[in-house]
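Each chain, letter by letter, is given below.
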Amino acid sequence: MTPAFHNPEKETMPREEVRELQEKRLRDIVGYAFEANPVMRGKLAASGFGNGSEASLDTLARLPMMDKEDLRAHYPMELACVDEREVAEIHMSSGSTGSPICMPYTPADLAQWGE
């Protein structure tokens, strides 16, 4: 019996193609964050990353990560990489363990969730 795949093209790619796709997507997202968001630009530059071209699976551990404190410090929209007019939904935590956290989502974000 052949296993069922949700996305056969992506789920059956050879390992080398998966790595190439992962690295391209990583460079794209790091470059996008660098260009679109001043807070992330500062964090990336401080970690030695510029426009994303330096990002790779081998340098992944050096990439700066966001945590709840970042989300709280830049509440509500300072970490967004789009203009607020592009936001389709905003999800907010209850703040039960501290200040609430606000996360904006675009239609593309929501479509990715659906995928």
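Just so it is clear, the structure is predicted and the values come from calculations on it, not from any experiment. (Residues numbered from 1 in each chain as written. Predicted model: local features only at pLDDT ≥ 70, side-chain atom pairs only at ≥ 80, totals over all residues. Heavy atoms only, no water.)

## Side note on the overall build of the protein
Argument step 1. What the protein contains, in helices and strands, is five helices and two strands.
Argument step 2. Beginning at the N terminus, the succession of helices and strands in the protein can be written as α-α-α-α-β-β-α.
Argument step 3. Its C-alpha atoms give the protein a radius of gyration of 17 Å, clearly above 13 Å, the size a compact globule of 115 residues would have.
Argument step 4. Over its C-alpha atoms, taken along the principal directions, the protein stretches across nearly 50 × 35 × 30 Å.
Argument step 5. Classification of the 115 residues of the protein by burial places 28% in the buried group. (Helix = DSSP H or I, 4+ residues; strand = E, 2+ residues; numbered from the N terminus. Rg over C-alpha atoms; globule rule 2.2 N^0.38 Å. Buried < 20%, exposed > 50% of the residue type's maximum accessible area, 1.4 Å probe, protein only.)

## A few points about the nonpolar core
Argument step 1. Judged by nonpolar contacts, Leu-26, Val-30, Ala-33, Phe-34, Met-40, Leu-44, Phe-49, Ala-55 and Leu-63 together constitute the single largest core of nine residues.
Argument step 2. Residue assignment for this core shows that the elements contributing at least two residues are α2 (15-36) and α3 (38-46).
Argument step 3. No other element matches the four residues that α2 contributes to this core.
Argument step 4. Apart from residues lying up to four places away in sequence, Ala-55 is in contact with Leu-26, Arg-27, Val-30 and Phe-49. (Core = buried A, V, L, I, M, F, W, Y, C linked by side-chain atoms within 4.5 Å. Contact = heavy atoms within 4.5 Å.)

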